[in-house]
Amino acid sequence: MTQPVNVTFSETDIDRIADLTGRVVVFVGEDGKLDQAARRVNRLTKGALERFVGSEKFTKMKTAEARDLAFPAGLAADAVQVVRLDRRASVGDARKAGAAIGKAHGEGALFVLAGTLKNAAHVALGIALRAYRFDDHKTDDEKPFGDVEVMVSKPDEVSAQAAPLLHVVEGVFFTRDLTMEPANVLTTTEFADRLAAMKDLGLKVEVLEEPELEKLGMRTLLSVGHGSESPSKVVVMQWNGGGDEAPLALVGKGVVFDTGGISLKPAAGMEDMTMDMGGAGVVAGVMRAVALRKAKANIVGLVGIVENMPSGRATRPGDVIRSMKGDTVEIINTDAEGRLVLADVLWYTQDRFKPSGIVDLATLTGAIIIGLGHENAGVFSNDDDFCQNFLKAAQAEGEGAWRLPLGAAYDKQLKSQIADMKNVGGRSAGSITAAQFLQRFIKEDTPWIHLDIAGVASVKSDTDFAPKGSTGWGVRALDRMIADSYEG
Ligand code: BES
Ligand code: MN
Ligand code: ZN
């Protein structure tokens, strides 16, 4: 697993500045005022920093932006990175500044002269989130990221603030690694094994195998995996850090590869479907984060892990399958498989855990990318308060999320001539009819949120906090919602 960059906190010692190697970061306020460390850098460089701050190069910089002064005379460092940030900058700006630093970070050492910066812990979070690279399958060893030392006036305090944040980064990285991993490596068995290994963190983990799933009647889930050589699985992860209250449940779509099945996808871009387990990846990342930071809450995470392949055993268009709930589904398109996986896992989750609420995550529809692009996940819910609570957390974390409607008129599109429902609702409102399908497997009194993350789980260009590729979208929002609303 990709480990976050190593971050330590130490007391500011301006006498070390001249000898620091690698990259040295100084913060300059919006007004161009230099703090104690920056003044020392300025003196050692014979006024270079002041000249920079006096130039257009600085005045044109936006808040939380960074620029390098390369190979400064008077310092051992290869670069001084100047970051425009006030001492009392907000959490959001501090994180953005951290991301700018993390983006430039490489194999050399990094010294961040944060002094009395109020949100130094969040600068560390930003650095750690952005300094990510998935290079497990690169033959030539790339050098790991250099260590990060953050110098502050109160290292113990800042270090304590940063600890839970850095645990969340580990959760995010777990999600990103799983989602980046190709399908010949992350088979259904390998995925379940990686989740089972989280027992070491104090999570209870069960892997339900096919015979068990058959006994439970999870036929819609099993129908998706029928064409694959890899066995379908459901993994149940439990974190019992709270009292005896009902748990919050997280449910994820874990399609390790989605060929479309007999309704085969076109070749162009099919390789992207290695990320079709992204929903399950987020569930896994949140479970890892809550376990690492020993959250005082009861959380269960359930993921349906299958592979959607065509073969002589694969489910056909036209087949009718009876779900665990008992409702029958006419399969119109075997490429609308995520909802079939989730239907049974959602039902099982309610049946077994009677959760206080369910959040499901799935790379469910291409239509959500048409509607919202890569900026926002689609949010659907049967409960306004629950939904607002999530949206608030997502906004605070800067993870885009936009609510879309549900309604009986959309549900009608799922009517089937020969079964209780079809698995697709036609061309219009494809993401909404997918959500309607899921809602048919939610009991009326279960607060429920469905997150369609097809557009945000993995992206083709850099975002603020991640290089291109898997983002880990949702781990931070869900962790924050848990911290803010489910812990004491
Ligand atoms: N995994 C896909 C959705 C997807 C598309 C995720 C692009 C990420 C990027 C899903 O299983 C799927 O194939 N959905 C179909 C549904 C259709 C057949 C009703 C789609 O969106 O085309
Ligand atoms: Mn599909
Ligand atoms: Zn899919």
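These numbers were taken from a predicted model, which means no experiment stands behind them. Residues take numbers from 1 onward in each chain, read along the sequence in its written order. Think of it this way: whatever chain is written first is A, whatever ligand is written first is 1, and the rest follow in order. Per-residue local features of the predicted model are confined to residues with pLDDT of at least 70, and side-chain atom pairs are confined, for both listing and counting, to 80 or more; whole-chain, interface and lining totals are unaffected and use all residues. The basis for every side-chain value is the complete set of non-hydrogen atoms in the structure, without hydrogens or water.

Chemist: Sorry if this is basic, but what is going on with the packing of aromatic side chains here?
Modeler: Working definition: an aromatic ring pair is given by the centre-to-centre distance plus the angle between the planes. Note on aromatic pairs: the rings of Phe, Tyr and Trp (six-membered ring only in Trp) are paired at centre separations within 6.5 Å, and the planes decide the class, stacked below 30 degrees, edge-to-face beyond 60, tilted for the rest. By the definition in use, this model includes four aromatic pairs. Between Phe52 and Phe58, the aromatic rings sit 6.3 Å apart at their centres with planes inclined by 70°, giving edge-to-face as the arrangement. Across the pair, exposure class does not vary: Phe52 and Phe58 are buried alike. Categorising residues by exposure relies on relative accessible area from a 1.4 Å probe, with only protein chains included: less than 20% of the type maximum marks a residue as buried, more than 50% marks it as exposed, and the intermediate range marks it as partly exposed.

Chemist: Would you mind showing me how to read the domain arrangement of the protein here?
Modeler: The extent of an interface is frequently quoted as the accessible surface area lost upon association of the parts. Throughout the structure description, domain borders are defined by an automatic or database domain assignment. The domain boundaries assigned to the protein delineate domain 1 (7-153) and domain 2 (170-485). Using C-alpha coordinates to define each centre, domain 1 is positioned 39 Å away from domain 2. Any pair of residues with heavy atoms lying within 4.5 Å of one another is described as a contacting pair. With 13 residues of domain 1 at the interface, the matching set in domain 2 holds 17 residues. Here the quantity called buried area is the total loss of accessible area, with a 1.4 Å probe, experienced by two parts when brought into contact, counted for both. Together, the buried faces of domain 1 and domain 2 total about 1,300 Å²; carbon and sulfur atoms form 61% of this surface. By definition, a salt bridge exists where a carboxyl oxygen of Asp or Glu is found within 4 Å of a side-chain nitrogen of Lys or Arg. At the boundary of domain 1 with domain 2, the tally comes to three salt bridges. Measuring nitrogen to oxygen at the nearest pair gives 3.9 Å for the salt bridge that ties Asp462 to Lys103. Any pair of nitrogen or oxygen atoms within 3.5 Å is treated as a polar contact; in protein, a donor-acceptor pairing is required on top of that, and neighbouring residues in sequence qualify only through side-chain atoms on both sides. One can count five residue pairs in polar contact (both at pLDDT 80 or more) joining domain 1 with domain 2.

Chemist: What should I look at first to understand the sheet that holds strand 9 (residues 248-258) in this one?
Modeler: In a beta sheet, neighbouring strands pair by backbone hydrogen bonds and run either parallel or antiparallel. Here, any two strands with at least 2 DSSP bridges between them count as paired. Runs of H or I in DSSP of at least four residues are treated as helices and runs of E of at least two as strands, each being numbered from the N terminus. If you walk across this open sheet you meet the eight strands as 7-8-10-9-13-17-14-15, and the pairing is mixed. This sheet does not close on itself; its edge strands, each paired only once, are strand 7 (204-208) and strand 15 (401-403). Direction aside, the axes of adjacent strands within the sheet are offset by 20° on average. Bridge count between strand 8 (residues 233-240) and strand 10 (residues 298-308): eight bridges; the pairing is antiparallel. When the bridges of strand 10 are listed, Val235 appears paired with Val303. Axis definition: a line fitted to C-alpha atoms, over the contacting stretch in the case of helices. Angles run 0 to 180 degrees between N-to-C directions.

Chemist: Sorry, what's going on with the coordination of the manganese ion (ligand 2) here?
Modeler: Donor criterion used throughout: N, O or S atom within 2.8 Å of the metal, extended to 3.2 Å for Na, K and Ca. Water excluded; incomplete-looking sites may result. The protein atoms donating to the manganese ion (ligand 2) are Asp258 (OD), Asp335 (O), Asp335 (OD) and Glu337 (OE), with metal-donor distances spanning 2.0 to 2.2 Å. Under the classification used here, a metal with four donors is tetrahedral if each angle lies between 85 and 135 degrees, square planar if opposite donors are over 155 degrees apart and the others between 65 and 115, a six-donor metal meeting that same test is octahedral, and anything else is irregular. In this structure, the manganese ion (ligand 2) is surrounded by six donor atoms whose angles at the metal cover 71 to 167°, and the resulting shape is irregular. Read N to C, the donor residues that coordinate the manganese ion (ligand 2) are spaced as D-x76-D-x1-E. Taken as a pair, the manganese ion (ligand 2) and the zinc ion (ligand 3) show a spacing of 3.2 Å, with Asp258 coordinating each metal. A residue pair is termed long-range when its members are at least 10 positions apart, and Asp258 in strand 9 and Asp335 in the loop between strand 12 (328-330) and helix 11 (338-353) qualify at 77 residues.

Chemist: How should I be thinking about the nonpolar core in this particular structure?
Modeler: A general trend in soluble globular proteins is that nonpolar side chains are found buried together. Take the buried residues of types Ala, Val, Leu, Ile, Met, Phe, Trp, Tyr and Cys, join any two whose side-chain atoms come within 4.5 Å, and each joined set is a nonpolar core. Residues Phe27, Leu195, Val359 and Phe390 are the most contacted members of the largest nonpolar core, which totals 93 residues. Take this core: its biggest share by element is ten residues, from helix 6 (residues 155-180). Residue-level mapping places this core at the junction of two domains, with at least three residues from each of domain 1 (7-153) and domain 2 (170-485). Those residues within four positions of Phe390 in sequence are excluded, and the remaining contacts are Ala401, Ile449, Leu451, Trp473, Ala477, Leu478 and Met481. With 38 residues, the next largest nonpolar core counts Leu221, Leu222, Val329 and Ala434 among its residues.

Chemist: Looking at this structure, I do not really get the coordination of the zinc ion (ligand 3). What am I missing?
Modeler: Note on metal geometry: ideal angles are 109.5 degrees for four donors arranged tetrahedrally and 90 or 180 degrees for six donors arranged octahedrally. Coordination of the zinc ion (ligand 3) by the protein is provided by Lys253 (NZ), Asp258 (OD), Asp276 (OD) and Glu337 (OE), with metal-donor distances spanning 2.0 to 2.4 Å. Summarised as a motif, the one-chain spacing of the donors to the zinc ion (ligand 3) is K-x4-D-x17-D-x60-E.

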